[in-house]
Amino acid sequence: MSYKFRGWSSTPYTMEVIDLVAATRAAYLELWQYLGAIDLVERVTWAEAPVDDPLPWALEDPRCVDASEARDMLWLRVLDVRKALEARHYPADGRLVLNVADPLGLADGTFALDVSGGAAVVTDTGGAGADLELDVSALSSIYLGGVHPVTLASSGRIEEQTPGAAFAAARMFAVERPPHCLTHF
């Protein structure tokens, strides 16, 4: 962890976290315990906190945490649908046929995603029988787990051709934690 004091001239007296990385969940909470125990400091800020930060849930009063500014720091654009989908691990088995649109023409196609034992085999179906229609940006968003496929279906960014396909995609693309990037690049 690295942090800095903003000085006596700024009130409330604030400690700014620059980097915070912990090897275990318990260590993460202990680092916050340390920050919260620094004498005379009234506020601790961290601009790079993850969206699903466990800190509020670890506190007696989670309302004392103010998540005021979400920033995206990690972008992904799938260029090769087959290779990308086959490279990923999946927590649930299943089959989905995805019709992917790409305005640049790099990732266009209809792909059958067959998952067994966490591993995927992807084949080009030649345009037949899509369960979901989505553009490459929606596919890229669900690929890392940044957004729930049902949310994208509700917003019109994914179109279900097979009822319940967004829920099936949610099970297959589920992640333990949403993506979080600490590196500015």
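Residues numbered from 1 in each chain as written. Predicted model: local features only at pLDDT ≥ 70, side-chain atom pairs only at ≥ 80, totals over all residues. Heavy atoms only, no water.

## Quick look at the overall build of the protein chain
Right, so step 1: Check the secondary structure of the protein chain and you find six helices and eight strands.
Right, so step 2: Tracing the protein chain from N to C terminus, the helices and strands come up as β-β-α-β-α-α-β-β-β-β-α-α-β-α.
Right, so step 3: Over its C-alpha trace the protein chain gives a radius of gyration of 21 Å, far above what one expects of a compact globule, namely 16 Å for 185 residues.
Right, so step 4: Long-range pairs, those at least 24 residues apart, make up 59% of the contacts in the protein chain between residues at least 6 apart in sequence. (Helix = DSSP H or I, 4+ residues; strand = E, 2+ residues; numbered from the N terminus. Rg over C-alpha atoms; globule rule 2.2 N^0.38 Å. Contact = heavy atoms within 4.5 Å.)

## A few points about helix α6 (residues 165-172)
Right, so step 1: Of all eight residues that make up α6, six are buried, and the element is covered over most of its length.
Right, so step 2: Those residues of α6 hidden inside the fold are in contact with β4 (94-101), β5 (109-116), β7 (132-135), α5 (149-154) and β8 (158-160). (Buried < 20%, exposed > 50% of the residue type's maximum accessible area, 1.4 Å probe, protein only.)

## Section: unusual backbone geometry
Right, so step 1: The omega torsion across threonine 11 and proline 12 is -5°, close enough to zero to call that bond cis.
Right, so step 2: Examined against the element boundaries, proline 12 turns out to sit in the loop between β1 (2-5) and β2 (14-19).

## A short note on the pairing of β5
Right, so step 1: Taken across its eight residues, β5 has six buried, putting it largely inside the fold.
Right, so step 2: Pairing of β5 with strand β6 (residues 119-124) involves six bridges; the strand directions are antiparallel. Bridge pairing in β6 links alanine 112 to threonine 123.
Right, so step 3: Linking β5 back to β6 in an antiparallel pair, the connection comprises two residues, with glycine 117 at a positive phi of about 65°. (Pairing = 2+ DSSP bridges.)

## Section: the sheet that holds β1
Right, so step 1: With mixed pairing, the three strands of this open sheet are ordered in space as β1-β2-β3. Of all strands in the sheet, those bounded by a partner on one side alone are β1 and β3 (43-46). Across this sheet, the average inter-strand angle for adjacent strands is 25°, counted without regard to direction.
Right, so step 2: Inspection of the sheet shows β2 paired to β3 by four bridges, in the parallel sense. Residue pairing across strands places valine 17 opposite tryptophan 46, the latter belonging to β3.
Right, so step 3: Against the sheet, helix α1 (residues 25-36) touches β1, β2 and β3, its axis set at about 135° to β3. (Axes fitted to C-alpha atoms, helices over the stretch in contact; angles between N-to-C directions.)

## Here we look at the nonpolar core
Right, so step 1: With 28 residues, the main nonpolar core has Leu85, Leu113, Leu134 and Leu139 as its most contacted residues.
Right, so step 2: When contributions to this core are tallied by element, the ones reaching two or more residues are α3 (81-87), β4, β5, β6, β7, α4 (136-143) and α6.
Right, so step 3: Among the elements that line this core, the one with the most residues is α4, at five residues.
Right, so step 4: Those residues in contact with leucine 113 that lie beyond four places of it in its chain are Leu85, Tyr90, Gly94, Arg95, Leu96, Ala120, Val121, Val122, Met172 and Phe173.
Right, so step 5: Within the second largest apolar cluster, 10 residues are counted, among which are Leu20, Tyr28, Trp32 and Ile38. (Core = buried A, V, L, I, M, F, W, Y, C linked by side-chain atoms within 4.5 Å.)

## Overview of the sheet that holds β8
Right, so step 1: Taken together, five strands build an open sheet; the order of strands is β6-β5-β4-β7-β8 and the sheet is mixed. Both outer strands of the open sheet, β6 and β8, are each paired with one neighbouring strand and no more. Geometrically, the sheet is characterised by an average inter-axis angle of 25° between neighbouring strands, direction not taken into account.
Right, so step 2: Where β4 and β5 come together, seven bridges link them in antiparallel fashion. Note that in β5 the partner of asparagine 99 across the bridge is threonine 110.
Right, so step 3: The strands touched by α4 are β4, β7 and β8; relative to β7, the strand with the most contacts, the crossing angle is about 100°.
Right, so step 4: Together, β4, β5, β7 and β8 form the strand contacts of α6, whose direction differs from that of β4 by roughly 105°.

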